[in-house]
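# Overview (structure and organization)
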Amino acid sequence: MTEPKFEVLAELRQLAERTIDHAEKAFGLLFDAARRSTAASSESAALSEQVLAFSEESLKISFQHARRVASTTSLLEIAAAQSELVKRQIAGAEHHIRELARATASNIQT
């Protein structure tokens, strides 16, 4: 059985890439602003920075996924990309939960 190929115009793929680039830049600015605002409050700055870093990492993975999907030519490629995304998200969430639990426990002890 042959897999059907996507017939997507190059212009549409380019538009998707530019849109992803713009969204990534906008979120970068958002995270920069959030970091500046949390830096003023030193009480929870370390935990806030960690939460922001985890969120930024998660979005980076999502943008990579979006770029990969925008360049796919088949449903199998999309399925593989989606499978990889979910695996990376689960691994990242597990790591973030452990680190946040550790940071929260150390804040409670101090």
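Everything below is about the structure printed above this text.
Residues numbered from 1 in each chain as written. Predicted model: local features only at pLDDT ≥ 70, side-chain atom pairs only at ≥ 80, totals over all residues. Heavy atoms only, no water.

Turning to the packing of helix α1 (residues 10-39) against helix α2 (residues 45-70), a few remarks are in order. For the pair α1 and α2, interaxial distance at closest approach is 10 Å and the crossing angle is 180 degrees. One finds that α1 runs roughly antiparallel with respect to α2. Here Arg13, Ala16, Glu17, Ile20, Asp21, Ala23, Glu24, Phe27, Phe31, Ala34, Arg35 and Thr38 of α1 lie close against α2, whose contacting residues are Ala45, Ser48, Glu49, Leu52, Ala53, Ser55, Glu56, Leu59, Phe63, Ala66, Arg67 and Ala70. Partitioning the contact of α1 with α2 into residue classes produces 13 nonpolar, three polar and eight charged. (Axes fitted to C-alpha atoms, helices over the stretch in contact; angles between N-to-C directions. Helix = DSSP H or I, 4+ residues; strand = E, 2+ residues; numbered from the N terminus. Parallel < 35°, antiparallel > 145°, perpendicular 65-115°, else oblique. Contact = heavy atoms within 4.5 Å. Nonpolar A, V, L, I, M, F, W, Y, C, P; charged D, E, K, R; others polar.)

The subject of this paragraph is the packing of aromatic side chains. For any pair of aromatic rings, geometry is given as the distance between the ring centres together with the angle between the planes. All chains considered together, the criterion is met by one aromatic pair. Here the aromatic rings of Phe27 and Phe63 are separated by 6.1 Å at their centres, their planes lie at 55 degrees, and the arrangement is tilted. Here Phe63 lies in helix α2 and Phe27 lies in helix α1, a separation of 36 residues in the sequence. Since its relative accessible area comes to 34%, Phe27 is described here as partly exposed. (Phe/Tyr/Trp six-rings, centres within 6.5 Å; stacked < 30°, edge-to-face > 60°. Buried < 20%, exposed > 50% of the residue type's maximum accessible area, 1.4 Å probe, protein only.)

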